[in-house]
Amino acid sequence: PLLADAEMLGTPDPQLAATMGFSGFGKKARTFDLEAMFEQTRRTAVERSRKVLEAREREKEEQSEKEFRISCTGSSVSASSTTGPGSTLTKREAVYSESEDSSDEALSGPSMQSQSSAKGPAEDTDDDDDEEFIGPPLPPGFKDSDDDNDNDDTEEEDNNPVKKIPDSHEITLQHGTKTVSALGLDPSGARLITGGYDYDVKFWDFAGMDASLQAFRSLQPCECHQIKSLQYSSTGDVILVVSGNSQAKVLDRDGFPVMECIKGDQYIVDMTNTKGHTAMLNSGCWHPKIKEEFLTCSNDGTVRTWDVNNEKKHKSVFKPRSVQGKRVIPTTCTYSRDGKLIAAGCQDGSIQIWDRNMTVHTKFHCRQAHASGTDTSCLTFSYDGTVLASRGGDDTLKIWDIRQFKKPLNSADGLPSFFPMTDCCFSPDDRILVTGTSVKKGGGSGKLFFFYRETFQKLYEIEVTDASVVRCLWHPKLNQIMVGTGNGLAKVYYDPVKSQRGAKLCVVKTKRKERQAETLTQDYIITPHALPMFREPRQRSTRKQLEKDRLDPLKSHKPEPPVAGAGRGGRVGTHGVTLSSYIVKNIALDKTDDSNPREAILRHAKEAEENPYWVAPAYAK
């Protein structure tokens, strides 16, 4: 519309010229009434877009009427009675009903994307409805056939859960050389954090990374303490860092400290009366609903809840007890999915669960959940909140219904675990349970095992690397599996079709070309008051200077690389450039064997006696 109006302005129409504020081109210039011009342009644009929209609406109505007539002729009497006489089904209603059908067929679970949509999970159905109006109408029957195919696929996947595991592709992030003992993904899945036994915490941004897969930040928040656990809060704006010291830390998204928990008084016997932990921390996690609250457990025999806004004192203390009522150390802790229960796995093999508001007595407990004296390394609740999975230091993985807590629903053994933070987690649809296994150095590959939740049948396994698999995390939004290993790698498994964003964003980006080091150009010395004769010409930019240098044959001469292997082109390999240097080097090489130092020294004894040079002449004088 604006272009059209501009063309109208270009034609010297006197009536238009008068209305627009100028009467003739040769006369004195007059001021334009800009507001009137804009208003007229806006009206024209609105009018035109309204006409276009009306035309599209009419087209769509005709289309839907045709479809309706076709469906009416083939449909049964009952169908026509439900539709009602003379009612026309608009495109939007048809799409809505289709989406409803597909949502009914979709699997239960927290955030399963409908298989038909290749869009991000954040987009609502409203957007889809709006998008229906953009562009020409789809040919009739197009959407239906697509939906049918998708429904067949989902039915096939329902029958075979292995097809849901996104492991067709993988990327490897190099955290360091030591064990990756902590992994955390923010709720949207944009950023990954890894922590390890090398005290480092590294930040990885999938959208900002290219194919070189470099972390954008690395820091040591807890000096020389191994990182035990890292987790983003439910809103993703802060990170809980649990390390080998007694004070948990909270960092913001960029790694700057927000708060540090207070250290308790280790000389007080009753742990309720100290303000914080007095011994090494073992684990910690955020409250799933209250974004300011988090939980930690420690070797001082307590589980404490904290508020981010109050670092001076804990909120509440839970003290696990053995059968005899003695203090017992909690090795892992977690909240239930609704945040109402707090569970802790203890060193005496028990799992103890409290109501979050009742600190004294446990609500549920199982005394012989795992072997006594072993570290239960992970507790996690299923997404539906009815089932608890526990990974024991006794090489087992068990699943419990906390309402019948005497014996496990299912259990799997023969899963070696050498780390106090070996993980287990549920798949986004709640039907698969995942855990990793540990291996000794040179003892084969660490594996990731997938068990069917209902029967505990082993569905699948992935050989990850030739070291232990410590951490695993299956993100529900991305549908990607992150794995931390004992040799400093963080691996991301994904499927280009089933997974969203995450690793898919960075593998497609080409590696950035490294910028030429700008130090190659000569330093420019600024001498503002020098005489013109001595003044250097000011360099405009280093790039231009570099281009000039490339044209100069002397400056851009590449030095001869050293000859590898046998010599060629008149140069002797690996021993300098000329034959003489080769001979000199060979003369200088001492072929004597100095394996016995006493003999090596005594070899010179006779010569020193006959021809004293250093010591004897000095003492003689």
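Calculation rules
Residues numbered from 1 in each chain as written. Predicted model: local features only at pLDDT ≥ 70, side-chain atom pairs only at ≥ 80, totals over all residues. Heavy atoms only, no water. UniProt positions renumbered as here; feature names shortened; annotations may be inferred. Salt bridge = Lys/Arg side-chain N within 4 Å of Asp/Glu carboxyl O. Helix = DSSP H or I, 4+ residues; strand = E, 2+ residues; numbered from the N terminus. Buried < 20%, exposed > 50% of the residue type's maximum accessible area, 1.4 Å probe, protein only. Patch = residues over 30% accessible without salt bridge, like charges linked within 9 Å, V, L, I, M, F, W, Y side chains within 5 Å. Areas by Shrake-Rupley, 256 points an atom, 1.4 Å probe, with all protein chains shown as cover. Contact = heavy atoms within 4.5 Å. Pairing = 2+ DSSP bridges. Axes fitted to C-alpha atoms, helices over the stretch in contact; angles between N-to-C directions.

The name given to the chain in an unreviewed UniProt entry is WD repeat-containing protein 70, with the source organism recorded as Catharus fuscescens. Checking UniProt for the chain, the heading Sequence similarities (unreviewed entry) contains the comment "Belongs to the WD repeat GAD-1 family."

Caption draft 1: View of the pattern of salt bridges. Evaluated as defined, the whole model comprises 22 salt bridges. Across the pair Glu-293 and Lys-315 runs a salt bridge whose closest N-O atoms are separated by 2.8 Å. Of this pair, Glu-293 sits in strand 11 (residues 293-298) while Lys-315 sits in the loop between strand 12 (303-307) and strand 13 (316-318), and the two are 22 residues apart along the sequence. Judged by relative accessible area, Glu-293 falls into the buried class, the value being 1%. Each member of the salt-bridge network shares a partner with another, and the members are Glu-39, Arg-42 and Arg-43.

Caption draft 2: Broad picture of the UniProt feature "repeat: WD" (unreviewed entry) in the chain. The feature "repeat: WD" (unreviewed entry), as given by UniProt, occupies residues 173-205, 274-316, 335-355 and 369-403 in the numbering adopted here. As annotated, residues 173-205 comprises 0% helix and 58% strand, and the C-alpha atoms at either end are separated by 11 Å. In this annotation, residues 369-403 is assigned 0% helix and 40% strand; the end-to-end C-alpha distance for the span is 14 Å.

Caption draft 3: Structural view of a nonpolar patch on the surface. A cluster of nonpolar residues, Tyr-613, Trp-614, Val-615 and Tyr-619, forms a patch on the protein surface that exposes about 630 Å² of accessible area. Within the secondary structure layout, Tyr-619 lies in helix 13 (residues 615-620). Take Tyr-619: its relative accessible area is 71%, and that puts it in the exposed class.

Caption draft 4: Representation of the environment of Tyr-199 within the structure. Considering the arrangement of structural elements, one finds Tyr-199 in the loop between strand 3 (191-196) and strand 4 (201-205). For Tyr-199, a relative accessible area of 27% gives the class partly exposed. On a C-alpha basis, the gap between Tyr-199 and Cys-222 in space is 7.2 Å, while along the polypeptide they are 23 residues apart. Not counting chain neighbours up to four residues away, the residues in contact with Tyr-199 comprise Leu-219, Gln-220, Pro-221, Glu-223, Cys-224, His-225, Gln-226 and Ile-227.

Caption draft 5: Just the sheet that holds strand 10 (residues 281-286), in detail. The 4 strands lie next to each other as 10-11-12-13, forming an open sheet whose pairing is antiparallel. Every other strand in the sheet has two partners, leaving strand 10 and strand 13 as the edge strands with one partner each. The sheet shows a mean angle of 20° between the axes of neighbouring strands, taken without regard to direction. The pairing of strand 12 with strand 13 spans 3 bridges and is classified as antiparallel.

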